Each structure stands twice: as C-alpha cells, then as structure tokens.
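Notes for the structure review
Here's the letter readout for the chains.
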Amino acid sequence: MFESRIDRLRERIAEEGLDALIVTDRKNREYLSGFTGSAGFLLVSPRGGVLATDFRYEEQAKAQSPHLAVYRYETPRDGLSRLVQAKKVGIVGFEAVHTSCWELAEWEEDNPDITWRQTRGLVESQRICKDEEEIRRIRQAARLTDKGFEHILEYLRPGVQEQEVALELEFFLRREGAEGVSFAPIVASGPNSALPHAQPGNRILESGDFVVLDFGVIIEGYCSDLTRTVVIGRASDRQREIYELVLKAQRYALGEVAPGKDAAAIDKGVRDIFAAEGVAEYFGHGLGHGVGLEVHEEPTLSSRSKDELRAGMLVTVEPGLYFPGWGGVRIEDLVLLTSQGMENLSSSPKDFLVL
Ligand code: ZN
Ligand code: ZN
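Here's what I pulled together on the structure shown here. What you are looking at is a predicted structure, and each value in this text was computed from that prediction instead of being measured.

Per the secondary structure count, the protein includes 10 helices and 19 strands. Here the protein has a C-alpha radius of gyration of 23 Å; the compact-globule value for 355 residues is 20 Å, and the two agree. Seen along its three principal axes, the alpha-carbon backbone of the protein occupies a region of about 70 × 40 × 35 Å. Per-residue burial over the protein gives 55% buried out of 355 residues. The contacts of the protein with a sequence gap of at least 6 include a subset with a gap of at least 24, amounting to 66%. Carbon and sulfur atoms form 49% of the exposed surface of the protein, whose accessible area is close to 15700 Å². In the protein, the 42 positive side-chain charges and the 58 negative ones have mean positions that sit 1 Å from each other.

Structure below.
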C-alpha cells in the first residue's frame, strides 16, 4: 500500500523535473510512510525514499515504515542538508504550503548549490481519492460516530451544560475505541446554535433550544465528521419549518453527489433552495469538504470550488441555516463516491427530534 503510494509520487516527481521532493507535512508524510511520529520528513526521489527522524522515533520509524530507509538526524536542518548533499541532487522540490520562509532561508543558506523549487499539492492530489484500506477505516470511524450520537441522545435534557455533553460524548467515543476525536466536539445550544463553529461552554440546555452536535472520531489515523440538530423540550413551528428546509436542501444535495458532478453546481443548487424561501443569506459556509487523514481536506464543495467529483472521494454534505440570536440548524453526513453514485456512511436519524 505505502510502496504503491511512493511509486506514484516518484512518477510525479520525475514528470515535474525534480531530482527529489522533501515532504515535511505531517499528514502527507504519514500517508506515504505510515510513520505517525511527531518529527521527521521524507526525501523522495525517482530512485527511492528515505524517512528521516530523530533518536526518539528511530525504532518506531523502522517498525512503521519497513519499506523505507530510515535516517536518524540530530536536527531536521542538519539532516536535510546531509541527505540532499549525499544524494547529489540538483533540483529539490518542497511543499510550499507547509514550509515556513524561515526554513527555506536556512536550506538555501546551507545548500547554495541546490535549486529549491516550490511545489503544491503533489501528495494532496494523491490523497483526494481513497483506496480500500482508507475507506475501511473511515467507514469504521463513521459507524462509531453514529453510535456516539445514539448515546448522547439519552444524555440531552434541560439542565445539562454544553460542556458536560461534549465531555460525555468524547469520553464515550474514546471508551468505544476512538484514538481521538477529529476535532473538539461542538455542542451549541439555543442562540449558540447560530454560531457554526461554537465552542461548548457553560450554557445550560433549556426547553425550546436547538442543539447542534458536530463531532467525529479518528480510527487508525482516519477521521469522520457528523452533525445533527435536535430540539430540547418543546419545539416551535418556526423551528420545525427551518429544520425541514435544511433537511430538504441536504436531501437534494445527497441526490446530486455523484462522479462527474461539478462541486460548485451542487453548492449552488442548495443556495437556490434557500433563496426560494428568502433565507439564502443565512447559509454562510460551504456545502462540504473532503475527509481523510484530516477532517478538512480536498475536495471542496463550495461556490468557489473547481473540483469535479470522482469515485473514491469522501465528502461531507452539510447545509445549515444560522439566525443570529435565534438559533441554527446544520445536518451533515459523510458520503463516499462510488462508480455507481454514492454511499452515505452516516446512518444517524435525521427526523425532526424533540427530546
Ligand atoms: Zn462536522
Ligand atoms: Zn464538516
């Protein structure tokens, strides 16, 4: 698996006219090597790959990346210079998005004979379509996330604090096998539900509140992402109406997600549904995003997206409406694009739930 990923990258490196590529981004490094340590980089050339790390991770690197030579450095700066000098490379690509100006200045100072070339998205473009193993992990993560939602429903009632709900959710997910959460769970109640990325605080849930729950887990390095919105106690007609409208928009988008479709067009279709009801301005974020080693990665489902959907992509579909001071609704599923269309990996109920 890792060998074939490196092989594909080596072809790209040759096509780009590079003698080698330095992979410093942690997730790109993990994707290519399986190595999960917090320090290290890869040097990949058309001839092969080296995983460089420090003393703390040497044994772990050898165990996790038997397909790569492991090189131990004193400092990353020193290790990088020694490697590029030993490999006698002339043109070295680096991940411009993941490299600081300071690091580049050091590399240039240490190796004036080398041409350093900016690259962008060489590994990310490979990560965009998932292989079977990645899909297996994300599927498992999505399943556990659904279990988390089912669990937390019993816990939601007037009188509990947002923060307590978030903690209970995280505790449950970890106990059930998650390595971690893919981001700090969002539990946003009442007026806080109008903030798309609210942080759970000390607000106490009250009857009549919308509660937006947005969370995910990490299984073997891979993330999931799910949002559900429920009402506590008693719901108003307006709450039901807004909820049904968001659900209608989400169902529309789920029906459109398929290989060959234009991501921006699906986003536009959702905005048109909201515009017909005069609420388009209350949907201020993109419709969805890719999920994998990172909870937000390519492709993007938004008005600015240039992405065309392809089989093997994993994307969220998450329309929402947010009314400042009143509350908000978001419904988010995680969807796998297949050659036949799509498979929804999220199975948590989406009926209008009043708890
Ligand atoms: Zn989410
Ligand atoms: Zn999301």
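What follows continues from the structure just given.
This part covers the nonpolar core. If you look at the biggest cluster of nonpolar residues, it comprises 47 residues, and the most contacted ones within it are Leu9, Ile22, Leu32, Val84 and Trp116. If we ignore the near neighbours within four places in the chain, the residues touching Leu32 are Phe2, Arg5, Ile6, Leu9, Val23, Leu42, His67, Val123 and Gln126. Of all hydrophobic cores here, the second largest spans 32 residues; its members include Leu247, Val257, Ile273 and Phe283.

Right, let's get into the coordination of the zinc ion (ligand 1). Looking at the metal site, the zinc ion (ligand 1) is ligated by Asp214 (OD), Asp214 (OD), Asp225 (OD) and Glu332 (OE), spaced 2.0 to 2.7 Å from it. Classification of the site at the zinc ion (ligand 1) as irregular follows from its four donor atoms and the range of 53 to 146° in their angles at the metal. For the zinc ion (ligand 1), all donor residues lie on one chain, and their spacing in sequence is D-x10-D-x106-E. The two metals, the zinc ion (ligand 1) and the zinc ion (ligand 2), are separated by 3.1 Å and share Asp225 as a common coordinating residue.

Before going further, it helps to examine the coordination of the zinc ion (ligand 2). Taken together, the protein ligands of the zinc ion (ligand 2) are Asp225 (OD), His289 (NE2), Glu318 (OE) and Glu332 (OE), with distances of 2.1 to 2.2 Å. Note that the zinc ion (ligand 2) binds four donor atoms; their angles at the metal cover 77 to 152°, and the shape is irregular. Every donor residue of the zinc ion (ligand 2) comes from the same chain, spaced as D-x63-H-x28-E-x13-E.

Here we take up the sheet that holds strand E5 (residues 91-95). Two pairing modes exist for strands in a sheet, parallel and antiparallel, and in both the strands are linked by backbone hydrogen bonds. Read across the sheet, six strands follow the order E4-E3-E2-E1-E5-E6 without closing on themselves; strand pairing throughout is mixed. Since the sheet does not close on itself, it has two edges, and those belong to strand E4 (69-72) and strand E6 (115-119), each with one partner. Strand after strand, the sheet turns through a mean of 25° between neighbouring axes, direction not considered. Alignment of strand E2 (residues 41-45) against strand E3 (residues 48-53), held across five bridges, turns out to be antiparallel. By the bridge assignment, Ser45 is partnered in E3 with Gly48. With respect to the sheet, helix H1 (residues 2-15) is in contact with strand E1 (20-23), E2 and E3, its orientation differing from that of E2 by roughly 60°. Along the sheet face, helix H2 (residues 26-33) touches E1, E2, E3 and E5 and points at about 60° away from the line of E2.

Cut-offs used in this document
Residues numbered from 1 in each chain as written. Chains lettered and ligands numbered in written order. Predicted model: local features only at pLDDT ≥ 70, side-chain atom pairs only at ≥ 80, totals over all residues. Heavy atoms only, no water. Helix = DSSP H or I, 4+ residues; strand = E, 2+ residues; numbered from the N terminus. Rg over C-alpha atoms; globule rule 2.2 N^0.38 Å. Buried < 20%, exposed > 50% of the residue type's maximum accessible area, 1.4 Å probe, protein only. Contact = heavy atoms within 4.5 Å. Areas by Shrake-Rupley, 256 points an atom, 1.4 Å probe, with all protein chains shown as cover. Lys, Arg positive; Asp, Glu negative; His and termini not counted. Charge placed at Lys NZ, Arg CZ, Asp CG, Glu CD. Core = buried A, V, L, I, M, F, W, Y, C linked by side-chain atoms within 4.5 Å. Donors = N, O, S within 2.8 Å, 3.2 Å for Na, K, Ca; no water. Tetrahedral: all angles 85-135°; square planar, octahedral: opposite > 155°, others 65-115°. Pairing = 2+ DSSP bridges. Axes fitted to C-alpha atoms, helices over the stretch in contact; angles between N-to-C directions.

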